[in-house]
Amino acid sequence: MTVNDLPIVAFFKHLLDPFIIWSMLILTAWLYDEDFTSYYLVLVIITFFVSTYIYERILIYRNWRKGRLFAYMRDTVVGWLMIITILVFLGYATKFHNQFSPQVLLTWFIVTPLMLIASHITVRSIVTNLYNKGKLRSAIVIGANENSLAFIRHIAELPFLLISYQGFFDERSSSRIAGNFGSQSDEPADLAAATAVSRPDDFGSRLGGLDDVVPYIQKHNTEMVFISLPMSSQPRIQKLMDELPDTTSSIYFLPDIYIFDLMQARFEYIGDTPVVAMNESPFIGVDGVVKSISDFILAVLIIILLSPVMACIALAVKFTSPGPVIFKQRRYGLNGEEIIVYKFRSMTVTEDGATIQQAKQNDQRLTKIGGFLRRTSLDELPQFFNVLEGKMSIVGPRPHAVAHNELYRKLIKGYMLRHMAKPGITGWAQVNGWRGETDVLEKMKARIEHDLYYLKNWSIWLDLWIIFKTVWIVLRKDNAY
């Protein structure tokens, strides 16, 4: 169990939520005098796996934990609608929908999210009561550094972790601790703001040095110990690990790798060997399959719906300027491999060399309809065929020309991490205003920051939200030239 996956949240995920979903279906069938056949049992099993996956992906438990009740209720309803959509699709695809009573299903669909919300709010009131009565797990931290400070603040922000932080242990004097933090002037602004301490009081009560840890735990029956020492302090860590088993405390290690800006950092197993994933693509395993299937289905539907529009655009491009209808350009795809990306040609030139000039406002290279195609993003429609080829995704970091990649990878730290996913037709950067010309380096840095945020926080719900925002932005305004 991780600290984030506290017992109450685990209770929701593994017991309460499944029980409510199942019991509501059984109760609804009973109210309508419907026999609970084996088909209903199959429905229960499928719903369990689908609901567990979706509710974890849209982070409703995180919103509950942080006290964002409105966000939690919104995500619960949205998640349930996604579950219903999947169940209805499976029902009609397998022709099993005729085995269920429409009244039972409709009532179940309506009542279940209301009961889920009511149950979570009830549990929340119980947890609040426990918190107010001081029914908390006592905790100490060993080591005063950026990592432990971030963790201490995390505990303070999330009272529903039910952890009572008692203080910290460190061998260094208070002046040395404060001096170490004050000397780090080369940190990024956001990290410096988060860790700018001038005194060790920001860590709470100083409880002593490392030799005082075990006596303190034995005297106060401390329940949780969090070790936040640098990996270079292996002898001290080993000494602690030899002594702490003489107590009944649960021991956790806060690895200092998390002071770096990592993507998908987590512990994994390669066979039986534990490893730390520092930078890993979010689209591996089941997530990769879900992403690929959703891309394929959406791409097929969009191509079918928009095929008359694409045919008209192709004819317009052909008859308004000489040259090919489709512009093919080399871009970097998944894992930095070159791919060919399709677009309706919007310029009189087809640049794909070592240097490429980005489109500008009132660019003289635009064809008669080129400006319109670019402003409305209609020139991107052929890229849905790239999605069918498996070279692109509907949502992901936008692909840049190879020439631009070779330039910016030398100027922006972490630039190539965006290629740990398939490039997208639209992306998080584009719907947040970072679309179009990047005439200064800061604009490209902002785009990359948004791309990496997407990779760190990906979910199907985020993909759907980006698609919705893309359509909305295209209909209202644009900054592409």
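Read on for an overview of the structure. (Residues numbered from 1 in each chain as written. Predicted model: local features only at pLDDT ≥ 70, side-chain atom pairs only at ≥ 80, totals over all residues. Heavy atoms only, no water.)

1. Concerning the overall build of the protein chain
- Of regular secondary structure, the protein chain possesses 17 helices and eleven strands.
- The buried share among the 481 residues of the protein chain stands at 45%.
- Pairs at least 24 apart in sequence give 73% of the contacts found in the protein chain among residues at least 6 apart.
- On the protein chain, roughly 25,400 Å² of surface is accessible, and the fraction owed to carbon and sulfur atoms is 62%. (Helix = DSSP H or I, 4+ residues; strand = E, 2+ residues; numbered from the N terminus. Buried < 20%, exposed > 50% of the residue type's maximum accessible area, 1.4 Å probe, protein only. Contact = heavy atoms within 4.5 Å. Areas by Shrake-Rupley, 256 points an atom, 1.4 Å probe, with all protein chains shown as cover.)

2. Observations concerning the sheet that holds strand β5 (residues 250-253)
- Spatially, five strands are ordered β3-β2-β1-β4-β5 in an open sheet, and the strand pairing comes out parallel. The open sheet has two edge strands with one neighbour each: β3 (206-208) and β5. Neighbour-to-neighbour, the strand axes of the sheet open up by a mean angle of 30 degrees, direction not taken into account.
- With four bridges connecting them, strand β1 (residues 137-142) and strand β4 (residues 224-227) associate as parallel partners. Bridge assignment links Ile142 to a residue of β4, and that residue is Ile227. (Pairing = 2+ DSSP bridges. Axes fitted to C-alpha atoms, helices over the stretch in contact; angles between N-to-C directions.)

3. Quick word on the environment of Leu254
- Looking at the element boundaries, Leu254 is found in the loop between β5 and β6 (266-270).
- Looking at Leu254, the relative accessible area reads 13%, which means it is buried.
- Apart from residues lying up to four places away in sequence, Leu254 is in contact with Asn147, Phe151, Phe226, Ile227 and Ser228.

4. Considering the pairing of β4
- What you see with β4 is no split at all: Met224 and Phe226 on one side and Val225 and Ile227 on the other are buried throughout.
- Of the strand pairs in this sheet, β4 and β5 are connected by four bridges, and their pairing is parallel. Paired with Met224 across the two strands is Ser250, which belongs to β5.

5. Quick look at the environment of Leu240
- Assignment of secondary structure puts Leu240 in helix α10 (residues 234-243).
- Setting aside anything within four residues of it in sequence, one finds Leu240 in contact with Ile142, Leu210, Val213, Leu229 and Pro245.

6. Structural notes on the pattern of salt bridges
- All told, the structure shown has eight salt bridges when counted by the stated rule.
- Its salt-bridge partner being Lys239, residue Glu243 comes within 2.8 Å of it at the nearest N-O pair. Of the two residues, Glu243 and Lys239 are both situated in helix α10; the distance of four residues between them amounts to about one turn of the helix.
- Residue class for Lys239 comes out partly exposed when judged on its relative accessible area of 40%.
- Beyond isolated ion pairs, a larger network of salt bridges with shared partners links Lys343, Asp379, Glu380 and Arg398. (Salt bridge = Lys/Arg side-chain N within 4 Å of Asp/Glu carboxyl O.)

7. A word on the side chain of Asp463
- For Asp463, the position within the fold is in helix α17 (residues 460-476).
- Its relative accessible area of 6% is what places Asp463 among the buried residues.
- Each residue touching Asp463, except ones within four places of it in the same chain, is listed here: Lys291, Val395, Tyr454 and Trp458.

8. Here we look at the packing of helix α4 (residues 69-94) against helix α5 (residues 102-132)
- Two elements in contact, α4 and α5, have axes separated by 10 Å at closest approach and are oriented at 150 degrees. Taken as axis vectors, α4 and α5 run roughly antiparallel relative to one another. The two elements α4 and α5 meet at a crossing, and its hand is right-handed. Listed contacts from α5 to Leu69, Tyr72, Met73, Thr76, Val77, Trp80, Ile84 and Leu87 of α4 are Trp108, Phe109, Thr112, Pro113, Leu116, Ile117, His120 and Arg124. (Parallel < 35°, antiparallel > 145°, perpendicular 65-115°, else oblique. Left-handed = near helix turned anticlockwise from the far one by under 90°.)

9. A look at α4
- Here α4 contains 26 residues, and its C-alpha end-to-end distance of 37 Å stays within 8% of the 38 Å for a straight helix at 1.5 Å per residue.
- A positive phi of about 65 degrees marks Lys95, the residue just after α4. (Expected span 1.5 Å × (residues − 1).)

10. Digging into the packing of aromatic side chains
- Counted according to the given criterion, the structure contains twelve aromatic pairs.
- Here Trp80 and Trp108 contribute two aromatic rings whose centre-to-centre distance is 5.4 Å and whose plane-to-plane angle is 85 degrees, an arrangement assigned as edge-to-face. Linking Trp80 in helix α4 with Trp108 in helix α5, this pair joins segments that are 28 residues apart in sequence.
- Each ring, one from Trp428 and one from Tyr453, has its centre 5.6 Å from the other, and the planes form 20 degrees; the classification is stacked. Taken together, the residues span a long stretch of sequence, with Trp428 in helix α15 (residues 428-431) and Tyr453 in helix α16 (residues 441-456) at a distance of 25 residues. (Phe/Tyr/Trp six-rings, centres within 6.5 Å; stacked < 30°, edge-to-face > 60°.)

11. So, the nonpolar core
- Residues Trp108 and Tyr454 are the most contacted members of the largest nonpolar core, which totals 59 residues.
- Beyond its immediate stretch of four places on either side in the chain, Tyr454 contacts Phe283, Lys291, Val395, Gly396, Pro397, Trp428, Leu462, Asp463 and Ile466.
- Leu149, Ile152, Met224 and Phe226 belong to the second largest nonpolar core, which has 15 residues in total. (Core = buried A, V, L, I, M, F, W, Y, C linked by side-chain atoms within 4.5 Å.)

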